[in-house]
Each structure stands twice: as C-alpha cells, then as structure tokens.
Amino acid sequence: VINRDRLLDTFLELVRIDSPSGEEAAISAHIANRFRELGLAVEISEAGNVIARMDGEGESILLSAHMDNVMPCRGVKPVIEEGVIRSDGTTVLGGDDKAGVAVILEVLQTILEKDLPHPPVEAVITVSEEVGLAGAKHLDMDKLRSKIGIGLDMGGEIGSIAISAPYHDNIRAVVRGKAAHAGACPEEGINAIVVAAEAITNMRIGRIDEETTANIGVIQGGTATNIVPDRVEIKGEARSRDEEKLRAQTASMVESLRRTAQRHGATVDIDVHREYVGYSLSEEDRIVQLLVQGVRAVGLEPLLVPVGGGSDANVFNARGIQVTNISVGMEKVHTTEEYIALDDMATCAEIVLASLQAATLGHRLGKQGGGIAYGRHHGVGD
Ligand SMILES: [Zn+2]
C-alpha cells in the first residue's frame, strides 16, 4: 500500500536540506509544512522540535524520529544505484534519521489517502538528537498523550525490534600536574600526560562484557616539548544495559584516575554525567506485541535485539512513554559510506502501518469483549 516513489522523493528532498545539529531551522520548517499539507495539527517548539497530531480510534501511539545529522552533512548529494541510496562520498547520507522522518510522513499520508483504520498518532520529530538527545530532553512530555510509541532511528535487518538500550555515563577529567622546564629542572615538574597515560593504561576499556562497554575518546594537553605539561583533559564514556554494571565500570575508571594522580602528587577534577538512562522491554509489553504483529504482517520474522546506542527512545522511556526502535534499514551511519535500500525503507513503512492498524483492530476487538488479538509471541528472536 505504501507509495515507494513518493517515499523516495520525500527522502531525497529531506536529505538535500542541510541540518547539522543545532542548525535545524530550515528542515524543521520543511517537515512542519509537510505535516500541515496533510491537514494535521502541527506544533513547533522553541527548540525546533516538530509535533504533529492525527486523530484516530483507541490508544494514542507516538512515532519518533530526529531531523538533525552528524557532520559532514552539508550539501548532501544523494546517488541512487540499483535501489540503494548513498551520498557522493563526501558527506554522510543523513538517512540517520531522515529515513525515519520519511517513513513517518509516508505512513501518515497513506493512512489519510486510503482512509485506513488507525489509532490517534503523535509524530514527534526532534532536533539535536546527535548531541546528547538534547531535543528530546527539552520536550514538554506533559503535552503528549501517548503511553507507547515506535522509534524509527535504528539500522540492522528489517524486522529488528530493539528491546533494550544501555545506560550511558560521560566522564570528563582534568589532570593537573606541575609545569617545569623540561631540560633545566624536569624533577620539579609533575607530568600530567604521564599521569593520564598511566591512569588510562590501568583502566579496563573496550568491551567489558556482553552488555557493557567503555571508551576514552579524547585526550588533550601539553603546549611544547620543552615544558613538563601541567594539564591534561580526558573525555570518555561507559555504557551498560545493566545499571549496576555501569555504576561499577564508571567508578573503576574514576578510581584509576584518582589513585594514579595521588601516587604522582597530581590532582584530578572529575565530572561524571549520566547522559541517558537505559530501558528494557519484553515480549509481554504491548508496544513489542504490536510491532511483532506488524513485522509478521509483512511476512517477516521479528528479531528482538538489544542495542548498544542511545536514542530519543531512552528519553521517552525515562519519562514514562514506552517507545522502542525498529530498523529503518540505515547502514554505516555516521560515516561517509552511509547507505540505505529503498526496499528496506518501504518495508519498514509497511511494518509501521501494519502495527498501527493492529492497534486499532485490537481496540475494536477489545470493545466487543473478544479480547485483544495479539499474535503468537513464542520463539521471537533468541
Ligand atoms: Zn540517529
């Protein structure tokens, strides 16, 4: 039922509009206009988040995507080869997450034009997802009436449904040693680079276990070869789908910095920031059941997968709206090799449409006292 050509046109139109995080005015206005053309009530928040509402039958469902892109993303020139859309290699494609936006626009337009049964829908397209989920964090959640939702900000095999996402800590530390002339009196200095290096060497970094990871991503310090450096700044992160494990991992990284600094007579200021909280859903959760039905409706087997990255869904879940991501088919995101197959994007749109219809049909059955027609939910994923 999805109009593939129109979906492609919408997507190409979106990726051609520059939208680095923090510079979303043009894309935000464009998306708001597209919703208005569909006759929907549209609200643009001060930050530029776009919320569009469609009335319907039964329980409201939120559809989530973000409009900003990571750099390099100015002047995207999409290239289509055998049904696969890429950039010309100089920028990202921006399918993360304009594929999600395009799918939402196409699904709503299809519902309206074919007058399909559907629940009330709240489409929430955020700004600045790529910079700490800032747009979603600024949303006034009290304005939203949905309790469940579908996130369209994930890659992987079509039919994948995220069932858990990690908790995430950011760690920033400034190691302070003591400057001295490197040739004349190095013994009077305390080398902050050496302290930082030793602390990092003693940390467990990389994959800690199946659900826990850690990284030191930035180190900056020193001014000249003939000066014992007195200041080094380190930025790192840790993630885990288990909150307790994250606490332990972050604490051990902090401890390594403290202990090493102390041993060398240096000092360290450490700032730990909980970037977002994780979530975990099961096959018992209604949104998962609807998505499972949606995936089966297009003839695929659902794959319930844990994910390693955060998204707006983390923010929604933390604030009581159970939102989970499904794959839109985006691949190699955050690189200039990013690509997406039109077939995958179209199938994703069919899945969203089928899930929304399942919600309405379930609601009708419920009203007749026949119970809600959930699909079988055995043997999903593994
Ligand atoms: Zn994204």
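Our subject is the structure listed above.
Just so we're clear, the structure is a prediction, and the values are computed from it rather than from any experiment.

Here we take up the coordination of the zinc ion. Bound to the zinc ion are the protein donor atoms H66 (NE2), D96 (OD) and D153 (OD), situated 1.9 to 2.4 Å from the metal. Counting residues between consecutive donors of the zinc ion along the chain gives the motif H-x29-D-x56-D. Of this pair, H66 sits in strand 3 (residues 61–66) while D96 sits in helix 3 (residues 95–114), and the two are 30 residues apart along the sequence. Of the residues examined, H66 reaches a relative accessible area of 0% and is grouped as buried.

In this section: the pattern of salt bridges. Enumeration according to the criterion identifies 26 salt bridges in this entry. For E43, the salt bridge goes to R53, with nearest N and O atoms at 3.3 Å. Here R53 lies in strand 2 (residues 50–54) and E43 lies in strand 1 (residues 41–44), a separation of 10 residues in the sequence. One salt bridge in this structure joins R274 and E243, with 3.3 Å as the shortest N-O distance. With a gap of 31 residues between them, R274 in strand 15 (residues 267–276) and E243 in helix 6 (residues 243–264) connect regions that are remote in the sequence. Since its relative accessible area comes to 30%, E243 is described here as partly exposed.

With that settled, consider helix 5 (residues 192–201). What helix 5 keeps buried is the set A192, V195, A196, A199 and I200. Along the axis of helix 5, the buried residues cluster in a sector spanning 125°; they form a single face. In this structure, the buried residues of helix 5 make contact with strand 9 (167–176), strand 12 (212–221), strand 14 (231–240) and helix 6. If you check the start of helix 5, you find a side-chain oxygen 2.9 Å away from the backbone N of I193, and it comes from N191.

Evaluation of the coordinates by the stated rule reveals 0 aromatic pairs. For R86, the ring lying beneath its charged end belongs to Y339, and the centroid distance is 5.1 Å.

Look at helix 1 (residues 4–15) against helix 9 (residues 342–367): their axes get within 10 Å of each other, and the N-to-C directions meet at 110°. Taken together, helix 1 and helix 9 sit at an angle that is classed as roughly perpendicular. Within the contact between the two elements, helix 1 uses R4, L7, L8 and F11 and helix 9 uses L342, D343, M345 and A346. Looking at the contact of helix 1 with helix 9, its residues break down into 6 nonpolar, no polar and 2 charged.

On to the pairing of strand 6 (residues 121–126). In the case of a regular strand, side chains alternate between the two sheet surfaces. The buried count for strand 6 comes to 6 of 6 residues, which makes it a mostly enclosed element. In strand 6, alternate side chains face the same way, and those of V121, A123 and I125 on one face and E122, V124 and T126 on the other are all buried. In terms of strand pairing, strand 2 meets strand 6 through 5 bridges, oriented antiparallel. In the strand pairing of strand 6, M54 is matched with V121. One ladder, built from 6 bridges, connects strand 3 with strand 6; its direction is parallel. Paired with A65 across the two strands is I125, which belongs to strand 6.

F11, F35, L108, M345 and V352 are the most contacted members of the largest nonpolar core, which has 85 residues in total. Not counting the four nearest positions on each side in its chain, L108 is found in contact with F35, L38, L40, M54, L63, V121 and A123. Of all hydrophobic cores here, the second largest spans 24 residues; its members include I190, V195, V232 and V254.

What counts and how
- Residues numbered from 1 in each chain as written.
- Predicted model: local features only at pLDDT ≥ 70, side-chain atom pairs only at ≥ 80, totals over all residues.
- Heavy atoms only, no water.
- Donors = N, O, S within 2.8 Å, 3.2 Å for Na, K, Ca; no water.
- Helix = DSSP H or I, 4+ residues; strand = E, 2+ residues; numbered from the N terminus.
- Buried < 20%, exposed > 50% of the residue type's maximum accessible area, 1.4 Å probe, protein only.
- Salt bridge = Lys/Arg side-chain N within 4 Å of Asp/Glu carboxyl O.
- Arc of directions from axis to C-beta.
- Contact = heavy atoms within 4.5 Å.
- Polar contact = N/O pair within 3.5 Å; in protein donor to acceptor, adjacent residues only side chain to side chain.
- Phe/Tyr/Trp six-rings, centres within 6.5 Å; stacked < 30°, edge-to-face > 60°.
- Lys NZ or Arg CZ within 6 Å of the ring centre and 35° of its normal.
- Axes fitted to C-alpha atoms, helices over the stretch in contact; angles between N-to-C directions.
- Parallel < 35°, antiparallel > 145°, perpendicular 65-115°, else oblique.
- Nonpolar A, V, L, I, M, F, W, Y, C, P; charged D, E, K, R; others polar.
- Pairing = 2+ DSSP bridges.
- Core = buried A, V, L, I, M, F, W, Y, C linked by side-chain atoms within 4.5 Å.

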